Amino acid sequence: MIAAPEPALTGAELIERAVRLRPVLLERQAETERLTHYPKSTHDDFLRAGFYRMLQPRRYGGYEVGLPVFYRVVTEVARGCPSTGWALSLTSAHVLQVAGFFEERAQDEIFGTDGDFRAASTVAPVGVARSDGEGHVVLDGTWPYSSGAPYSTHYVGQTLSAGDPPGPPVLFVAPRSVWTVLDDWHGVLGLRGSGSNSVHMDQARIPAYLTCAASLVDLPCEGGSVGSALHGNPMYAHRAPSFYHGELAAVMIGTGYAAADEYARILRARPLILEPDRTRAELHDYQRHLGEALGLIRTAEAALQHTAVDWTETCRRNVAGEAPFTVAEDNRLALMFLNAGRMAWDAFQNILFRTAGSRHARDGERMQRYFRDAATYWTHVGPSMAEPLFRRVGCDRLGLPSEHIALIP
């Protein structure tokens, strides 16, 4: 057992810490983009706040707060800085896969003696895993879009089994000592500060027990998992795609709130051309624009939180033997999460950005930064799964097979 830094820390306190950090993150936005990852001061703030340990098992120094609290913290952080919220979410969340599907010996080694753990990842498999015949696996390759890599202690990656042709997917956890971060997160439209660098491995040797025959998009969880038994928590017997869509939605909703905050500031500061003693905040049209957008964003957040509770209950029923966590259930939950993120995006692009005025689309303007971040989210592999998910959910309802419909081209 590893003691958590603050054993009595509650979910409500974690959320309050995220709210208090928002003004600081707001001021660090430009620096975060310039560095291409959030600054060390923010990393230190997250360490003190306990954000990296939210989903980590208590056995290994974590808080095990569950999805509703996790998504709420991510939303609040993204409201301060979308890039920072993205990186926090995608490094602190992969603990679910590690704690859920790797054997106890592997978890003991990964979490070490102090439980300091955060891991970047990417959804696509790269290269092949070769056995060295001495109980180790050798990894070679470059894994792109590894958000949060600069501050990660481990890498949760996917590769293929060696063979001709290559065999089934292999999930692995590689310690920081065997990989390097490439300085290649430049020239992107948005999420410029998310630290989504490539991770490179050259003849990296890791113990074979730090691998398992599984894919992130199809984890073997029905009836329970190694982690749900080890930690006594059903959330460690889950399917990852739906949870992953919730992560992205939480960031997008936080970005929507950030844009609404900026929109309100703009309205109060923008004098009318013909009546300079009045501002846009007094005009009915702009009041309505802001209210409509906030209504949509709050509805999206309600959907996110409701689906997080639904996801948690699905895990519980699965482990209790009441109903398995099937691919069809995962499709249903994933689409709900995805729709929540899309609703926030639509409120932002169709209302807030469109009516804020072109002067706020200039370089250096926060509204422009939020638009770039949100647009980059919308081109991400996650939202691109919308079309296959629509078809999968339709087939599931019709009693037709759906697992053959690829989520990733």
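Higher on the page you've got the structure.
Below you will find a few notes about this structure. (Residues numbered from 1 in each chain as written. Predicted model: local features only at pLDDT ≥ 70, side-chain atom pairs only at ≥ 80, totals over all residues. Heavy atoms only, no water.)

Right, let's get into the side chain of arginine 280. Residue position: arginine 280 is located in the loop between helix H9 (240-269) and helix H10 (284-320). Despite its burial, arginine 280 pairs with no opposite charge, the nearest such side chain being aspartate 285 at 10 Å. Of note is the side chain of arginine 280, whose polar atom sits 3.2 Å from the side chain of tyrosine 286. Filtering out sequence-adjacent residues up to four positions away, arginine 280 remains in contact with Leu267, Arg270, Leu272, Tyr286, Thr355 and Ala356. (Helix = DSSP H or I, 4+ residues; strand = E, 2+ residues; numbered from the N terminus. Buried < 20%, exposed > 50% of the residue type's maximum accessible area, 1.4 Å probe, protein only. Lys, Arg positive; Asp, Glu negative; His and termini not counted. Salt bridge = Lys/Arg side-chain N within 4 Å of Asp/Glu carboxyl O. Polar contact = N/O pair within 3.5 Å; in protein donor to acceptor, adjacent residues only side chain to side chain. Contact = heavy atoms within 4.5 Å.)

When the terminal C-alpha atoms of helix H4 (residues 67-80) are compared, their 20 Å separation across 14 residues agrees well with the 20 Å that a helix rising 1.5 Å per residue should span. Counting buried positions along H4 yields 12 of 14 residues, so the element is predominantly enclosed. Buried within H4 we find Leu67, Val69, Phe70, Tyr71, Val73, Val74, Thr75, Glu76, Val77, Ala78, Arg79 and Gly80. (Expected span 1.5 Å × (residues − 1).)

Moving on, we come to the pattern of salt bridges. What the rule picks out here adds up to 28 salt bridges. Across the pair arginine 369 and glutamate 33 runs a salt bridge, and its minimum N-O distance is 3.4 Å. In this pair, arginine 369 is assigned in helix H12 (residues 366-378) and glutamate 33 in helix H2 (residues 29-35), connecting sequence segments 336 residues apart. Residue classification places arginine 369 among the buried residues on the basis of a relative accessible area of 10%.

What follows covers the packing of H4 against helix H5 (residues 82-92). Their axes nearest at 6 Å, the elements H4 and H5 cross at an angle of 150°. By the angle between their axes, H4 is roughly antiparallel relative to H5. Listed contacts from H5 to Phe70, Val74, Val77, Ala78 and Gly80 of H4 are Pro82, Thr84, Gly85, Leu88, Ser89 and Ser92. Its residues assigned to classes, the contact of H4 with H5 shows six nonpolar, five polar and no charged. (Axes fitted to C-alpha atoms, helices over the stretch in contact; angles between N-to-C directions. Parallel < 35°, antiparallel > 145°, perpendicular 65-115°, else oblique. Nonpolar A, V, L, I, M, F, W, Y, C, P; charged D, E, K, R; others polar.)

With 30 residues, H9 ought to run about 44 Å at 1.5 Å a step, and its terminal C-alpha atoms sit 44 Å apart, in line with that. Burial analysis of H9 places 26 of its 30 residues in the buried class, the great majority of the element.

Between two packed helices, what matters for the description is the angle formed by their axes and the separation of those axes. As a packed pair, H9 and helix H11 (residues 327-356) sit with axes 8 Å apart at the nearest point and diverge in direction by 20°. Relative to H11, H9 is oriented roughly parallel. Two packed elements cross with a definite hand, and for H9 against H11 that hand is left-handed. When the residues that make up the contact of H9 with H11 are grouped by side-chain class, the tally is 19 nonpolar, six polar and one charged. (Left-handed = near helix turned anticlockwise from the far one by under 90°.)

Attention shifts here to the environment of aspartate 261. Looking at where aspartate 261 falls in the secondary structure, it is placed in helix H9. Put simply, aspartate 261 and arginine 369 are 108 residues apart on the chain and 13 Å apart in space, counted from C-alpha to C-alpha. Separated by 2.8 Å, the side chains of aspartate 261 and arginine 79 make a polar contact.

Quick look at the layout of surface pockets now. A volume near 600 Å³ is recorded for the largest pocket. For the largest pocket, the lining is made up of 31 residues, of which Thr122, Tyr145, Tyr244, His380 and Val381 are closest to its centre. Those elements that provide at least two residues to the lining of the largest pocket are H5, strand E3 (136-146) and H9. Ranked by residue count, the leading element in the lining of the largest pocket is H9, at five residues. Partitioned by chemical class, the residues of the lining of the largest pocket number 19 nonpolar, 11 polar and one charged. Estimated volume of the second largest pocket: approximately 390 Å³. As for the second largest pocket, its lining consists of 21 residues, and the residues nearest its centre are Ser215, Val217, Arg392, Leu407 and Ile408. Counting only elements with at least two residues in the lining of the second largest pocket, the list comes to strand E4 (154-161) and H11. Among the elements that line the lining of the second largest pocket, the one with the most residues is H11, at three residues. (1 Å grid on protein atoms, 1.4 Å probe; cavity = no way out; pocket = protein on both sides within 12 Å on 5 of 7 lines; lining within 4 Å. Points joined across faces, edges and corners; volume = space filled by probe spheres on them.)

This part is about the packing of aromatic side chains. Here the structure, examined in full by the defined rule, presents 23 aromatic pairs. Relative to phenylalanine 46, the ring of tyrosine 38 has its centre 5.3 Å away and its plane inclined at 70°; by these criteria the two rings are edge-to-face. A relative accessible area of 4% places tyrosine 38 in the buried class. Judged by relative accessible area, phenylalanine 46 falls into the buried class, the value being 0%. Taking the centre distance of 6.4 Å and the plane angle of 40° together, the rings of tyrosine 155 and phenylalanine 172 count as tilted. Taken together, the positions of tyrosine 155 in strand E4 and phenylalanine 172 in strand E5 (residues 169-175) put the pair 17 residues apart, joining distant regions of the chain. In this structure, tyrosine 155 and phenylalanine 172 share a single accessibility class: buried. (Phe/Tyr/Trp six-rings, centres within 6.5 Å; stacked < 30°, edge-to-face > 60°.)

We now examine the pairing of E5. Among the seven residues that make up E5, five are buried, leaving the element largely enclosed by the rest of the structure. Direction of pairing for E4 relative to E5: antiparallel, over a ladder of seven bridges. Note on E5: the bridge partner recorded for tyrosine 155 is alanine 174. (Pairing = 2+ DSSP bridges.)

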